[in-house]
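Listed here are the chains, written in short residue letters.
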Amino acid sequence: MVKVENTKNIAMSDFIVNLDHGDPTAYEEYWRKMGDRCTVTIRGCDLMSYFSDINNLCWFLEPELAEAIKELHAVVGNAATEDRYIVVGTGSTQLCQAAVHALSLLAGGTEPVSIVAAAPYYSTYVEETTYVRSCMYKWEGDAWGFDKKGPFIELVTSPNNPDGTIRDSVVNRPDDDEAKVIHDFAYYWPHYTPITRCQDHDIMLFTFSKITGHAGSRIGWALVKDKEVAKKMVEYIMVNSIGVSKESQVRTAKILKVLKETCTSETDNFFEYGRELMKKRWEKLREMVKESDFTLPKYPEGYCNFFGKTLESYPAFAWLGTKEETDLVNDLRRQKVMCRAGERCGSDKKHVRVSMLSREDVFTVFLERLDNMKQIKSIDF
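None of the values given here were measured: they were computed from a predicted structure. (Residues numbered from 1 in each chain as written. Predicted model: local features only at pLDDT ≥ 70, side-chain atom pairs only at ≥ 80, totals over all residues. Heavy atoms only, no water.)

**Things to note about the nonpolar core**
Selection rule: By convention a nonpolar core is built from buried Ala, Val, Leu, Ile, Met, Phe, Trp, Tyr and Cys residues, the set being connected through side-chain atoms within 4.5 Å. Each residue's exposure class comes from its accessible area (1.4 Å probe, protein chains only) as a fraction of the maximum for that residue type: buried when under 20%, exposed when over 50%, partly exposed otherwise. The numbering of helices and of strands both runs from the N terminus, where a helix is a DSSP run of H or I of at least 4 residues and a strand a run of E of at least 2. By the convention used here, residues are in contact when the closest approach between their heavy atoms is within 4.5 Å.
Formed by 110 residues in total, the largest nonpolar core has its most connected members in Val87, Trp221, Met233, Phe271, Phe366 and Leu370. Here this core gets eight residues from one element, more than from any other, and that element is helix α8 (residues 270–289). Residues within four places of Val87 in sequence aside, it is in contact with Cys58, Leu95, Gly220, Trp221, Ala222, Val224, Ala230, Met233, Val234 and Ile237. Grouped together as the second largest cluster of nonpolar side chains are six residues, Val116, Ala118, Ala143 and Phe146 included.

Next comes the structure, spelled out in structure tokens:
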């Protein structure tokens, strides 16, 4: 019997494998091995004020977190931080909403600003841009076919969630002042993909969750070129949550500094650990779907400036498809496996998004049930 948390009294056959969300518990073992190196002590009299640095545009950003962010990006080489405003948020979800709000407000038009993303896109973008029913912006769907006149915002995730591909904007209006792009680089880190260049865009979003796996701290940051955009984002977060938890920021700063230190370690390099973990999982999954009706994307190799060699990509999510005309998400549900339906990502019923970031025992059960589906299909054939 496979041991799975919270299933002590549940028969394995009844256990539901939930790979719908991207809860990054895969890295727990690494941080457990690090012992007290990331421990933070906070006294009762610490961090009591709303304010962190009144001289900073983002007045609730802890200075030590800002420093840790800059240092980590400099070591990894994945994003430029010079001449940028750092805006901290309660995860990149809040930051994306803040950026959409800021850009829409500064557009100053009478009609809602169009929001688009190229399919398959991160399904939560739809929820983020429709939930409050704002009159300032409107979700317009797939960017591939977007040709509406007027201001618009394109959301670009690279590597893409859900299919892991490297993305850039697809709406071709290079000289259009009304065209704005928000780049989500949640997965542009060496354990997921080769770092081929230092990204340099107007608005770049990052999240602590998908770098180290500390999703519970709810910390993200945006690197923003334009002061007015950054100012409006800060105003949004001020109204939305009156800043961001200082306890979370202090913990994040500590862990990011330790993460930076491990980059030069021969034994504790987190990105080496994470890359090897993701590589093994992808190899097992590809072996499982080989010579079956299941499909997975193929990714081109790239020269990684961080590791100094040519490497493959091992995305945080698998874009699992099938050659059959079937509803794959329901087929998996019958095997007690929960995944995100392709239709929610602007795709079709033949695809699902599968999280590759679960605990090892959960991932093992997923492979077993996928193998069971293969056997059933083989018999049916």
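**Things to note about the packing of aromatic side chains**
Any pair of aromatic rings gets described here by the distance separating the centres and the angle formed by the planes. The cut-off we apply is this: Aromatic rings from Phe, Tyr and Trp, with only the six-membered ring used for Trp, were paired whenever their centres fell within 6.5 Å, and each pair was classed as stacked if the ring planes differed by under 30 degrees, edge-to-face if by over 60, and tilted otherwise. Two conditions define a charge sitting above a ring: the NZ of Lys or the CZ of Arg must be within 6 Å of the ring centre, and it must be within 35 degrees of the ring normal.
Across all of its chains, the model carries 22 aromatic pairs by this definition. Relative to Phe270, the ring of Tyr27 has its centre 5.3 Å away and its plane inclined at 75 degrees; by these criteria the two rings are edge-to-face. Here Tyr27, found in the loop between β1 (17–18) and α1 (28–33), pairs with Phe270, found in helix α8; they are 243 residues apart in sequence, far enough to count as distant. Per residue, the accessibility class of Tyr27 equals that of Phe270, and both read buried. Note that Arg281 overlies the ring of Phe363, its terminal NZ or CZ placed 5.0 Å from the centroid. The ring of Phe317 carries Arg353 above its face, with NZ or CZ at 3.8 Å from the centroid.

**Some details on helix α3 (residues 91–107)**
So the rule is basically this: Take the residue count of a helix, subtract one, and multiply by 1.5 Å to get its expected span.
Taking 1.5 Å per residue as the helical rise, α3 with its 17 residues ought to reach 24 Å, and the 25 Å between its terminal C-alpha atoms agrees with that figure. Two residues or fewer after α3 comes Gly108, characterised by a positive phi angle close to 70 degrees.

**Details of the sheet that holds strand β12 (residues 317–322)**
Strand pairing in a sheet relies on backbone hydrogen bonds, with the paired strands running either antiparallel or parallel. We count it as follows: In this description, strands pair whenever DSSP reports at least two bridges between them.
Ordered in space as β9-β12-β15-β14, the four strands form an open sheet in which the pairing is antiparallel. Two strands in the sheet have a free side with no partner beyond their single neighbour: β9 (294–295) and β14 (340–341). Pairing of β14 with strand β15 (residues 351–355), which is carried by two bridges, proceeds in the antiparallel orientation. Looking at β15, one finds that Arg340 is bridged to Arg353.

**Considering the sheet that holds strand β3 (residues 113–117)**
The condition that has to hold: To get an axis, a line is fitted to the C-alpha atoms, and for a helix only the part in contact is used. The angle between two axes follows their N-to-C directions and goes from 0 to 180 degrees.
Pairing within the open sheet is mixed, and its seven strands lie in the order β2-β8-β7-β6-β5-β3-β4. At either end of the open sheet lies a strand with only one pairing partner, and these are β2 (85–89) and β4 (137–142). Each neighbouring strand pair of the sheet contributes to a mean axis angle of 25 degrees, computed without reference to strand direction. Alignment of β3 against strand β5 (residues 152–157), held across three bridges, turns out to be parallel. Following the sheet pairing, Ser114 is matched in β5 by Phe152. Its contacts with the sheet put α3 on β2, β3, β4, β5, β6 (179–184), β7 (203–207) and β8 (220–224), and the angle it makes with β7 is roughly 165 degrees.

**A short note on the pairing of β8**
Of all the five residues making up β8, five are buried; the element is thus mostly covered by neighbouring parts of the structure. Residues of β8 alternate between two faces, with Gly220, Ala222 and Val224 on one and Trp221 and Leu223 on the opposite face, all of them buried. For β7 and β8, the ladder comprises five bridges, and the chain directions are antiparallel. Following the sheet pairing, Phe206 is matched in β8 by Trp221.

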